[in-house]
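Structure at a glance
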Amino acid sequence: MHELDDHDSIILCRSCDLAVRKRALPSSARALCPRCDTALYDAPYCSINGMLAMCVAALIIFIPANLLPVLEIHFLGSIRTTTVFEAAIAVWAQGYWVVGLAVMVAAVIAPAVLILSILTQVLIVKLKLQQSFWQRTYTSLLKNQGLIAQMTMLEIYVISFLVSAFQLSDFSDVYFGMGTFSFTMLFVIILFLQREYNLEHMWSFVDEH
């Protein structure tokens, strides 16, 4: 029996405990256990270049999503507009600082950190940065990726926009602007980014270095 090289690793089937040598897979392929056909691992459909493109798109749309008004309300001749950031500040100013902080973290800070985290990981892999500083940074980002992803809850605020518009439409005119479109697109891009991001696959690049 030949010795394993640096790029091989052994995993156990979760169903029958068969030891299987893990090998690199083409995009979107899945490895099955040769004994019981249980799925062992798969390769993400989206490549490193694909995730890089989504990160850049998310960063571009992030600015108008947070700076442009998400709702425009016309009531008795007056016009009120608000952004996600202004809404968090307004809630904080009214004394509900816990809610304001939660909105700020989940809708503004966490999505930005998530995008920058994945972007940094992708660039380290793509540029093959093997210096100890970059490797420590890469490992640290991987360890905290799950926590950052859990703190990002853009879907809650997209739903809240729709609910608010429906409730306010009875006594005022509510308009969606470019801010609403940008925030929704940001949610969609991050949704696909998280769907295609594979933590186990990203950890495999540590072994390759």
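Residues numbered from 1 in each chain as written. Predicted model: local features only at pLDDT ≥ 70, side-chain atom pairs only at ≥ 80, totals over all residues. Heavy atoms only, no water.

**Observations regarding the overall build of the protein**
Looking only at helices and strands, the protein features seven helices and seven strands. When the helices and strands of the protein are placed in sequence order, the string is β-β-β-β-α-β-β-α-α-α-α-β-α-α. Put simply, the protein has 209 residues, and 36% of those count as buried. Of all intrachain contacts in the protein linking residues separated by at least 6 positions in sequence, the fraction that spans at least 24 positions is 59%. Here the protein has roughly 12,800 Å² of accessible surface; of this, 64% comes from carbon and sulfur atoms. (Helix = DSSP H or I, 4+ residues; strand = E, 2+ residues; numbered from the N terminus. Buried < 20%, exposed > 50% of the residue type's maximum accessible area, 1.4 Å probe, protein only. Contact = heavy atoms within 4.5 Å. Areas by Shrake-Rupley, 256 points an atom, 1.4 Å probe, with all protein chains shown as cover.)

**Some remarks on the pattern of salt bridges**
The full count for this structure, using the stated rule, is one salt bridge. The shortest N-O distance in the salt bridge between R195 and E196 comes to 2.5 Å. (Salt bridge = Lys/Arg side-chain N within 4 Å of Asp/Glu carboxyl O.)

**Regarding the packing of aromatic side chains**
Taken as a whole and assessed by the stated rule, the structure comprises two aromatic pairs. Here the aromatic rings of F133 and W134 are separated by 5.1 Å at their centres, their planes lie at 75°, and the arrangement is edge-to-face. Of the residues examined, F133 reaches a relative accessible area of 47% and is grouped as partly exposed. Residue classification places W134 among the partly exposed positions, given a relative accessible area of 31%. (Phe/Tyr/Trp six-rings, centres within 6.5 Å; stacked < 30°, edge-to-face > 60°.)

**Comments concerning helix 4 (residues 132–151)**
Because an α-helix completes one turn every 3.6 residues, residues spaced three or four positions apart along the sequence face the same direction. The terminal C-alpha atoms of helix 4 lie 29 Å apart, and with 20 residues this matches the ideal 28 Å at 1.5 Å per residue to within 8%. Largest kink in helix 4: about 45°, centred on N144. Every buried residue of helix 4 is accounted for by Q135, Y138, L141, L142, Q145 and I148. (Expected span 1.5 Å × (residues − 1). Bend = angle between axes of the 7 residues up to and from the residue.)

**Topic: the side chain of N66**
Looking at where N66 falls in the secondary structure, it is placed in helix 1 (residues 48–67). Judged by its relative accessible area of 8%, N66 is buried.

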